[in-house]
Amino acid sequence: MDPPFVMDTTALPEIATTSIRQLEASWTSPHNALAWLATVDHKKLGIRYIVTAFVFFLLGGVEAALMRAQLARPEARLLSPELYNQLFTMHGTTMMFLFIQPVLSGFSFYLTPLMIGARELAFPRLNTFSYYAFLLAGVFMYASFAIGHAPDGGWFAYTPLTGPRFDPGINMEFYVLGLLFLGISTTAGAINSIVTILKLRAPGMSIDRMPLFLWSSLTMSISVVLAMPALTVALGFLELERRWHFVFFNPALGGTPLLWQHLFWVFGHPWVYIIFLPATGMLSMIIPVFCRRPIIGHTFLAVSTVVTGLIGFGVWVHHMFATGLPQLSMSFFGAASMTISIPSAVTIFAWIATMWHGRVVLATPMLFALAFILQFTIGGITGVMGAAVPFDWQIHDTYFVVGHIHYVIAGSSVFAVFAALYYWFPKMTGRLLSESIGKASFWVMTIGFNLAFFPMHIAGLLGMPRRVYTFQPGLGLESSNLVSTLGAYLFAIGVAITIWNVAQSRFAGVLAGPDPWGASSLEWLASSPPREYNFEHIPLVTSRDPLWDGGLRFGPAYDEGRLTPRTSALDAQLEAVIELPEDNGWTVLIAVTLLVAFVGLLVRLDWLTALGGVATLLCLARWLWPVHDKMLETEV
């Protein structure tokens, strides 16, 4: 594609061969198994996040396929009620916690240093730890299938159904302990992103020049830090009640099940925006490139992103309208839920205005972006409908809600992930994905998705309850369920086409070059794939679209070690040059010892829990023990 503006490549400085050798010597890890395992390279770890999350996505897809086969006709006997409960619980848990958020974080960890002109994340070793903690937490939860006792209380785990009286087995222990383990990883990653975005931006990249993907990543990360404690407390209370007979949720002994719902949804509704906002940030990077012009309303989009994150913390009660709360509080939260459509509408109108005034190129990433807009709009409209209390009472716990949540999460975030995959795959691998195969995948996925999930709204309005493993004939639900099942399998075929595209293009795709799309942000300045040190010279930024409007200069190479600039949080003035740590295997060991501790809690072996806890503390002390006798940063 022809770029809207052409960067003056004569402005690129030449770098001395000795300087490149010094950079490679400082940043290149040894080629052995230990270095591969303990790498701190944000690009390698970002790709591992993405690949691991896609593996969980496929597992969640298999669970969905089995459920849809069960519901293809009334009174089917393919799955038992017990197995169906386990499958729908793990499907929701996988998609919400092990796929969407981690895959978005993977893109963020890969792209953030490149977008801000830095050489690494602020805490590289913490990134290594958070990846392995995520991986092991997922393995921990999926190990439940090996013993036939997967979690079975829903991804929301409402009490008292998940308490010791009604679910005394080990099933929900996997859920509670697995999410506590995963929460450590998620929080660590969020803190890493916040500090990186605020303190490692290239000199001159003031807060108003920051790419919109970073605004969404920053808002997501702050939301994670603020929301995760509510889930952690809820899980802690549930574990205390299940194992040590504390009373939090049992009304017969003075507790209340509504406490769980409040804590869970104080976390859960912001979580919807945690997995939605990065997707909007991705689209705000992709749409202007394929419209061949800067995005319209950059400032309004940034403000809308932050406002959406803020309002997301004030609408949790709209998940609880059917619990008998006071009318005044339901009216307040209903109004707040409708208010959140305003910043979302600002975002969508800005994208439409950019397309209206641009020259739209219908490449595969843009097609997925357009499907995102259409499907998220449908999901947003049905969400506003659910914010009206009388309507919510009618559709509560019906398949209408299942259709709505899939349009909001799968129809928007999943399609944004596929848009991002086709857009940034050339940067990650140096090769382009096939456009013809990509477009075939897009059409099959889009048709399959809408066939699968739109009929669920109709089934819900006809009265089909959610979380049931079968339904009776003669209720008018046969056609909608059969179409949903056929659509789900068509959607799976579309995903398989993209997987095949990735597999064959990874080694045989057309070479991409540094900037195959003619994009404007800094990651396209680096080679494809980027070198270990990202940039030979640190960029100096003077505009929002530095590769389009000439707002780019170059600073020193900083080639005397693993060095990167530290800048001020708002105006990105250079404050110091800091040295970043090298690979460290202790971070991997900490994740493993934490796994030992959680396994000890699962099987109720106190000595194993204590062993894992002590080993974690010892590894943590070794990780943090100072190894340098020189200053780690130089003030400028």
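It should be emphasised that the depicted structure is a prediction, and the values quoted were computed from it without experimental measurement. (Residues numbered from 1 in each chain as written. Predicted model: local features only at pLDDT ≥ 70, side-chain atom pairs only at ≥ 80, totals over all residues. Heavy atoms only, no water.)

Draft legend 1. Local environment of the pairing of strand β3 (residues 563–567). Here β3 lies mainly inside the structure; five of its five residues are buried. Hairpin connection, β3 to strand β4 (residues 574–579): the antiparallel pair is bridged by six residues, and A572 has positive phi, about 55 degrees. (Buried < 20%, exposed > 50% of the residue type's maximum accessible area, 1.4 Å probe, protein only. Helix = DSSP H or I, 4+ residues; strand = E, 2+ residues; numbered from the N terminus. Pairing = 2+ DSSP bridges.)

Draft legend 2. Highlighting the packing of helix α9 (residues 277–291) against helix α15 (residues 399–429). Interaxial distance between α9 and α15 falls to 9 Å at its minimum, and their mutual angle equals 45 degrees. When the axes of α9 and α15 are compared, the pair comes out oblique. The interaxial crossing formed by α9 with α15 has left-handed handedness. Together, A279, M282, L283, M285, I286, V289 and F290 of α9 and S413, A416, A419, A420, Y423 and W424 of α15 make up the contact between the two elements. Of the residues contributing to the contact of α9 with α15, the split by class is 12 nonpolar, one polar and no charged. (Axes fitted to C-alpha atoms, helices over the stretch in contact; angles between N-to-C directions. Parallel < 35°, antiparallel > 145°, perpendicular 65-115°, else oblique. Left-handed = near helix turned anticlockwise from the far one by under 90°. Contact = heavy atoms within 4.5 Å. Nonpolar A, V, L, I, M, F, W, Y, C, P; charged D, E, K, R; others polar.)

Draft legend 3. Representation of helix α5 (residues 124–146). Between its first and last C-alpha, α5 extends 34 Å over 23 residues, near the 33 Å set by a 1.5 Å rise per residue. Judged by how many residues are buried, α5 sits mostly within the fold: 18 of 23 residues are covered. Positive phi appears at G148, one or two residues downstream of α5, with a value of about 75 degrees. (Expected span 1.5 Å × (residues − 1).)

Draft legend 4. Local environment of a nonpolar patch on the surface. Judged by side-chain polarity, I47, V51, V55 and L59 come together as a nonpolar surface patch covering roughly 290 Å² of accessible area. Residue V55 is classed as partly exposed on the basis of its relative accessible area, which comes to 44%. (Patch = residues over 30% accessible without salt bridge, like charges linked within 9 Å, V, L, I, M, F, W, Y side chains within 5 Å. Areas by Shrake-Rupley, 256 points an atom, 1.4 Å probe, with all protein chains shown as cover. Salt bridge = Lys/Arg side-chain N within 4 Å of Asp/Glu carboxyl O.)

Draft legend 5. Molecular detail of the nonpolar core. F107 and W424 are the most contacted members of the largest nonpolar core, which has 182 residues in total. In this structure, W424 is in contact with F107, L111, M115, M282, M285, E523 and W524, ignoring residues within four places of it in sequence. (Core = buried A, V, L, I, M, F, W, Y, C linked by side-chain atoms within 4.5 Å.)

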